[in-house]
Structure formats: C-alpha cells, structure tokens
Amino acid sequence: MGSLYSDHPTWLHNVPAGVKLFVLALLGAGVFSTPNLWVLSASAACCVLVFASLGQAIIRARPLLIGLAVASLMIAVFHGLLQQPLVGLVGVLRLLSTTLMGIALTLSTRHTDLLRVFEWLLQPLRPLGFHPERLSLQVALMLRFTEHFFVLWRRLDDAHRLRTGKTGGFKILAPLTIQMLVAARRVADTLHVRFHR
Amino acid sequence: MRRATPIFSMNTSSLSIALVSLFAALIAVFGLIPKIDLPLGVPITLQTLGVMLAGCMLGPKRALQALLLFLAAVAMGLPLLSGGRGGVGVFFAPASGYLLGWPVGALVTGWIMHLLPHTTPRQTAIHAFIASAIGGLLVVHVFGVIGLVQIANLTWEQAIMGTLVFAPGDLIKCALCATVVHTVARGLPDWRFGG
C-alpha cells in the first residue's frame, strides 16, 4: 500500500514529526478561534509560502490539492450566492491554512515516524489497560489484510460475473464479510500461538 | 445464538487484535472498491457501510478501536479513504465532521446491537437495521452537520438540508448492513453480534 509521503527531500523532512504535529494542532486551534480576516489572511499567506517552499515534493499532492480547490470554491460560491462573501472568505482562509499544512506534514513525514508519535501520545492510556505498542502491529496487520481482502473481493466479483454475466456489486458483500470473519479466527489463533496472549 | 457458548477458545486479547485490524482493513477495502450504482443511477460508496458493519459485528469497544485504527492510518498519510485521499489535511476539510463521527457512530451502533436480543437471524437483521440507522446514520450525520457548521461556516439549517441529501443513500446502506448481518447470522450461527 503506497503512502502519500514524498521521497523528494525538503527542509520540512528534517523537522521532527512530533514538532510538525504540534505546530499543526496549534495552527488548527488558532485559526478556528478567531474570525479576524487580517489574522486569517496572514495565516493563509504564510501557509501558502511554506507549502510552496516544498518545491517538487508538492507534485505528489496534486489530487489532494484539487480536492482542496473544489471544496474552497464550493464554500466561496455557496456563501456568495447567500450574500455572505465575508463569511465564505473566513471559511476558505481557514480551510487553506489547515489543509495545506496537513498536506505538507503528510508529504514530509514517513508514516512510521507518525506511528511512533502516536504511540508516545497514547502512553498515558497505559494504566487504563491500553497497549500503545499494539498500534504498530495492528497497522501492519491492517495494511497486509487490506491488500488480501481487495484481491478476495475481485476474485468473488469475477466468480459472480462468470456465473451471471453481471458485476457482483453489493451481492458479494456478505460472502466477503463471512470469509473475513473466518480469516479473523485464523489470525487470532496464530497471534495467540505467537505471542501467548 | 448470542450469549451461547463462547466462539473462540483463545485469549480475547489476540482475538481483539485480529478483529480490530481486519475490520479496519475491511473499511479500507471498501474505499478501494469503485462506487456501486444502484437502480435509478444513485451511486453509493461503501465506507459508511463499513462503520455500520463494524458496530453490528464487533460490538461497541472493538468497533470503536477499529475505526480509531483506521483513522490513525489515514492520519499517517495512507490513502485509504475513497478516492485515494489520506493525510492529516482531510481532518480539516468541510466533510471532516463525518470522518470524526465514524468512531462514535460505530460505538453507538455496537452498543445498541449489544443491548438488543438476537434470537433468530431475522430478528438480528432487524436489530442491525435499527442500530445502523441510529449509530451509522443519525450519529454520523450529527457530527457531519457540526463539521459543516464549524468549517464551511454554514448555518444549522443549511447544514441539515445539505446532509439530508445523503440520508436516502445511507438508509439503503442500513438495509445492506441488515442483509449482510442476516447472511452472516445464518452462515456463522455462533457469531456474537454486538460483541
């Protein structure tokens, strides 16, 4: 499963993942706590500059940027039609600031680095019986089985098409779910044998 | 069916890890599957159905964990949402309220499913429909509306009108969820719906 991470090196790649997440959290809290147009404009301008400074790395984010442009346009047009252009502008500036920085973080941070940050953030939950180290095992299992189940889905769809001449659609949801639950039993057995828990 | 003999002999810890990971994977697969066109050309994507199924099949705690795991993987930059979207940025988009509503929706679905009795496959399916409609539809849309009001600066009335457009499609997903639960109840009679 490919990540949205960009291998093209940028200055942001050298900033620790935890620092980037912290700055993003601060930025999100900041832009949503003020309706001041000047503050939001300055924030959006800074975020655009930071994002543009990533150079070639942003090419990988093209689909995400198109989504951002469409959402911004819809908000602007909607509020324009309702004669509330300033409200629309505030919404678009907030969206630009936070989403661009979110995309920048995604492009410049390996998912394993973010995983380590999440595990560290979840440490306080340990006394409640939560095991942060399980997160990496579960992410690994999830990615492995995403591919496995997608192949299984296509196999069921092909079989259905051969039988009926039509695509399976939602008719193969139930067999897929049953096969998945059966697989869960086998995986649980294996984990129990491997980890004795 | 439910409350009968335990279905797994192994420790519940390894079972939880497996079920949580596999349901998170199922929701990811639902994002990879192209949208399904229903009669009259109504297209539906399946990830919300995954939220409903997780609640009905796993129960509240594991369903919540599966959805949190899925969203954590999305936040890490994996393109698991329909259309290949992913990364932290999606949590600031106008539709992010729906995303954040998924874990709560799965929790509520699982909790209702856990409370209701499951004597026959038909009864289980009917209760799955009710649980999905409350958790997977109502709760998720409440979060979606809050997101639209906060991020897209819509009024409550505008946001509610906007979200109602998707309600018929989601009701169809509740029916699909009930159908899948009915089939699973017949195919795996020892499965404990609702955890």
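Residues numbered from 1 in each chain as written. Chains lettered and ligands numbered in written order. Predicted model: local features only at pLDDT ≥ 70, side-chain atom pairs only at ≥ 80, totals over all residues.

*Asks:* Which residues make up the overall build of chain A, and what values do they have?
*Replies:* Looking only at helices and strands, chain A has seven helices and zero strands in total. For a compact globule of 197 residues, the expected C-alpha radius of gyration is about 16 Å, and chain A comes in at 22 Å, more than 25% above that figure. Across its three principal axes, chain A shows a C-alpha extent of roughly 60 × 50 × 35 Å. Put simply, chain A has 197 residues, and 35% of those count as buried. A sequence separation of at least 24 residues applies to 65% of the contacts in chain A between residues at least 6 apart. (Helix = DSSP H or I, 4+ residues; strand = E, 2+ residues; numbered from the N terminus. Rg over C-alpha atoms; globule rule 2.2 N^0.38 Å. Buried ≥ 20, exposed ≤ 12 C-beta atoms within 10 Å, placed from the backbone. Contact = placed C-beta atoms within 7 Å.)

*Asks:* So, the confidence of the model for chain B: which residues are in play, and what are the values?
*Replies:* Residue and element names in this part refer to chain B. A residue-level look at chain B finds 88% of positions with pLDDT of 70 or above and a mean pLDDT of 85. Every residue in residues 1-10 scores below 50 in pLDDT, and together they form 18 contacts with partners more than four places removed in sequence or on other chains. Taken together, the chains of this predicted complex give a pTM of 0.82 and an interface ipTM of 0.81. (pLDDT = per-residue confidence, 0-100.)

*Asks:* Residue-level account of the interface of chain A and chain B, with values.
*Replies:* Interface size, as often reported, equals the accessible area lost upon joining of the parts. On the side of chain B, 49 residues touch chain A, which itself brings 59 residues to the contact. Of all the secondary structure elements, the ones that give two or more residues to the side of chain A that touches chain B are α1 (17-33), α3 (62-81), α4 (85-108), α5 (111-121), α6 (134-164) and α7 (173-195) of chain A. Examining the composition of the side of chain A that touches chain B, we find that 15 residues originate from one element, α7 of chain A, more than from any other. Each residue belonging to the side of chain A that touches chain B can be placed in one class, and the counts come to 36 nonpolar, 18 polar and five charged. (Nonpolar A, V, L, I, M, F, W, Y, C, P; charged D, E, K, R; others polar.)

*Asks:* Can you tell me about helix α2 (residues 47-58) of chain B, naming the residues and giving the values?
*Replies:* Residue and element names in this part refer to chain B. Over its 12 residues, α2 runs 16 Å from end to end, which matches the ideal 16 Å to within 8%, given 1.5 Å per residue. Counting buried positions over the 12 residues of α2 gives 12, a clear majority of the element. Along α2, the positions that sit buried rather than exposed are Gln 47, Thr 48, Leu 49, Gly 50, Val 51, Met 52, Leu 53, Ala 54, Gly 55, Cys 56, Met 57 and Leu 58. (Expected span 1.5 Å × (residues − 1).)

*Asks:* Describe the domain arrangement of chain A, with residues and values.
*Replies:* Residue and element names in this part refer to chain A. According to the domain assignment, chain A contains domain 1 (11-127) and domain 2 (133-195). Contacts between the two partners involve four residues from domain 1, matched on the other side by four residues from domain 2. Here the residues of the side of domain 1 that touches domain 2 sort into three nonpolar, no polar and one charged. (Domains from an automatic or database assignment.)

*Asks:* Could you give an account of the packing of α2 of chain B against helix α7 (residues 167-187) of chain B, naming the residues involved and the relevant values?
*Replies:* Residues and elements named next belong to chain B. Direction vectors running N to C along α2 and α7 enclose 40 degrees, while the axes themselves pass 9 Å from each other. Taken together, the axes of α2 and α7 are oblique relative to one another. Regarding α2 and α7, the two cross each other, and that crossing is right-handed. Taking contact as the criterion, the partners of Thr 48, Leu 49, Met 52, Leu 53 and Cys 56 in α2 are, on α7, Asp 170, Lys 173, Cys 174, Leu 176, Cys 177, Val 180 and Val 181. By residue class, the composition of the contact of α2 with α7 is nine nonpolar, one polar and two charged. (Axes fitted to C-alpha atoms, helices over the stretch in contact; angles between N-to-C directions. Parallel < 35°, antiparallel > 145°, perpendicular 65-115°, else oblique. Left-handed = near helix turned anticlockwise from the far one by under 90°.)

*Asks:* How would you explain the nonpolar core if you had to name every residue and give the values?
*Replies:* Membership of the largest hydrophobic core comes to 121 residues, with the highest contact counts inside it found for Ala 24, Ala 54, Ala 66, Phe 70, Ala 73 and Cys 177 of chain B. The element best represented in this core is helix α1 (residues 12-32) of chain B, accounting for 14 residues. Looking at which domains feed residues into this core, each of domain 1 (11-127) and domain 2 (133-195) of chain A gives three or more. Filtering out sequence-adjacent residues up to four positions away, Cys 177 of chain B remains in contact with Leu 49, Met 52, Leu 53, Cys 56, Ala 128 and Ser 132 of chain B. (Core = buried A, V, L, I, M, F, W, Y, C linked by C-beta atoms within 7 Å.)

*Asks:* Which residues make up α1 of chain A, and what are the values?
*Replies:* Residue and element names in this part refer to chain A. Taking 1.5 Å of rise per residue, 17 residues should cover 24 Å, and α1 covers 24 Å from first to last C-alpha, within 8% of that figure. Inspection of α1 places Ala 17, Lys 20, Leu 27 and Val 31 among the buried residues, and these make up the whole buried set. Take α1 and look down its axis: the buried residues cluster within an arc of 90 degrees, on one side only. The exposed set on the far side of α1, more than 90 degrees from its buried face, consists of Val 19, Phe 22, Ala 25, Leu 26, Ala 29 and Ser 33. Looking at the packing, one finds that the buried side of α1 touches α2 (37-52), α4 and α5. (Arc of directions from axis to C-beta.)

*Asks:* Can you break down the packing of helix α5 (residues 121-151) of chain B against helix α6 (residues 156-164) of chain B residue by residue, with the values?
*Replies:* Residues and elements named next belong to chain B. Packing of α5 against α6 brings their axes to within 9 Å, and their N-to-C directions diverge by 130 degrees. Considered as vectors, α5 and α6 are oriented oblique to each other. The chirality of how α5 crosses α6 is right-handed. Seen from α5, the contacting residues are His 141, Gly 144, Val 145, Leu 148 and Val 149; seen from α6, they are Trp 156, Ala 159, Ile 160, Gly 162 and Thr 163. Residues that form the contact of α5 with α6 fall into these classes: six nonpolar, four polar and no charged.

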